[in-house]
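Summary of the model geometry
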Protein chains: 2
Amino acid sequence: MVSPAQTPQPPYFAVIFTSVRTDSDNGYGETAKQMVELASKQPGFLGVESARQEIGITVSYWASQEAIAAWKEDITHLQAQGRAKEWYQTFRVRVCRVEREYGF
Amino acid sequence: MVSPAQTPQPPYFAVIFTSVRTDSDNGYGETAKQMVELASKQPGFLGVESARQEIGITVSYWASQEAIAAWKEDITHLQAQGRAKEWYQTFRVRVCRVEREYGF
């Protein structure tokens, strides 16, 4: 079973990436998959959750703000970020501090 | 066009609700729709984004932690929360402080 990310006790950090895609693929699918694989190898990466219907939401979880900043500056990630307007009509990135968590 | 939530300048708060559904509906669809409508009327509600594939992610945005706490205790919402195990195999709720936001 796919499941929510297994994250540690808060506090930790989350990046909520909300987007609406353009109609054309232009290598999007492959790049998106590559970015998840690459992010997963970064120091401080804690997990990722993703779903898309009309809107896409990807939430990645991180141990620190520094880990998020380092991933944002990764050279392969920067190249992908440079193509954002090919792939997205609009997007928002929200960087958050996770203060509490519960569930079953 | 559907679009990301139009949120104010940070800081504000986000509740990331990540879930995996059970197979049966049991009134889930109607209740989920009703909860979004009801949440939207709460003081301090700023917006909501939602998508579901293998996993479901709903992010609601709020002006304060107090607004989140009040919504959690809403009587109709409590009744829905009481049915969580009918509708979800697993879920996580993460309460976050949004510290910065960007996008286009």
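Attention here is on the structure that accompanies the text. Worth saying up front: this structure is predicted, and the values here are computed from it rather than measured. (Residues numbered from 1 in each chain as written. Chains lettered and ligands numbered in written order. Predicted model: local features only at pLDDT ≥ 70, side-chain atom pairs only at ≥ 80, totals over all residues. Heavy atoms only, no water.)

**Focus: the interface of chain B and chain A**
Each partner contributes to the interface: chain B provides 44 residues, whereas chain A provides 44 residues. Between chain B and chain A, roughly 4300 Å² of surface is buried when both sides are summed, and carbon and sulfur atoms account for 60% of that area. Considering only the side of chain B, the residues that lose the most area to chain A are Arg94(B), Tyr102(B) and Phe104(B), jointly responsible for 20% of the buried surface there. There are six salt bridges connecting chain B and chain A. A salt bridge links Arg92(A) to Glu101(B); its shortest N-O distance comes to 2.8 Å. (Contact = heavy atoms within 4.5 Å. Buried area = accessible area lost by both parts, 1.4 Å probe. Salt bridge = Lys/Arg side-chain N within 4 Å of Asp/Glu carboxyl O.)

**Structural notes on the packing of aromatic side chains**
Counted under the stated rule, the structure contains 16 aromatic pairs over all chains. Between Phe17(A) and Tyr88(A) the ring centres are 5.3 Å apart and the planes differ by 70 degrees, which places this aromatic pair in the edge-to-face class. Of this pair, Phe17(A) sits in strand β1 (residues 12-21) while Tyr88(A) sits in strand β4 (residues 88-103); the two residues are 71 residues apart in sequence, bridging distant segments of the chain. Where Tyr28(A) meets Trp87(A), the ring centres are 5.9 Å apart and the plane angle is 65 degrees; that geometry is what we call edge-to-face. Of this pair, Tyr28(A) sits in helix α1 (residues 28-40) while Trp87(A) sits in helix α4 (residues 84-87); the two residues are 59 residues apart in sequence, bridging distant segments of the chain. An identical accessibility class is assigned to Tyr28(A) and Trp87(A); each is buried. Through successive ring pairs, a cluster of aromatic residues spans Phe17(A), Tyr28(A), Trp87(A), Tyr88(A), Phe91(A) and Phe104(B). (Phe/Tyr/Trp six-rings, centres within 6.5 Å; stacked < 30°, edge-to-face > 60°. Helix = DSSP H or I, 4+ residues; strand = E, 2+ residues; numbered from the N terminus. Buried < 20%, exposed > 50% of the residue type's maximum accessible area, 1.4 Å probe, protein only.)

**Some details on the sheet that holds strand β2 (residues 45-52) of chain A**
Here eight strands make up an open sheet; going across it, the order is β2(A)-β3(A)-β1(A)-β4(A)-β4(B)-β1(B)-β3(B)-β2(B) and the pairing antiparallel. Edge positions in the sheet fall to β2 of chain A together with β2 (45-52) of chain B, since each of these pairs with one other strand and no more. Averaged over all adjacent pairs, the angle separating strand axes in this sheet is 25 degrees, with direction ignored. Bridge analysis of β2(B) against strand β3 (residues 56-62) of chain B gives seven bridges, and the strand direction is antiparallel. By the bridge assignment for β3(B), Arg52(B) is matched with Gly56(B). With respect to the sheet, helix α2 (residues 65-72) of chain A is in contact with β1, β3 (56-62) and β4 of chain A together with β4 (88-103) of chain B, its orientation differing from that of β4(B) by roughly 70 degrees. (Pairing = 2+ DSSP bridges. Axes fitted to C-alpha atoms, helices over the stretch in contact; angles between N-to-C directions.)

**Observations concerning the pairing of strand β1 (residues 12-21) of chain B**
Residue and element names in this part refer to chain B. When you tally the buried positions in β1, you get ten out of ten residues, the bulk of the element. The alternating pattern of β1 places Tyr12, Ala14, Ile16, Thr18 and Val20 and Phe13, Val15, Phe17, Ser19 and Arg21 on opposite faces, both of which are buried. Note: β1 against β4, ten bridges, orientation antiparallel. What sits directly across from Arg21, in β4, is Tyr88. Relative to β3, β1 runs antiparallel, the two sharing seven bridges. Its bridge partner being in β3, Ala14 is matched across the sheet by Tyr61.

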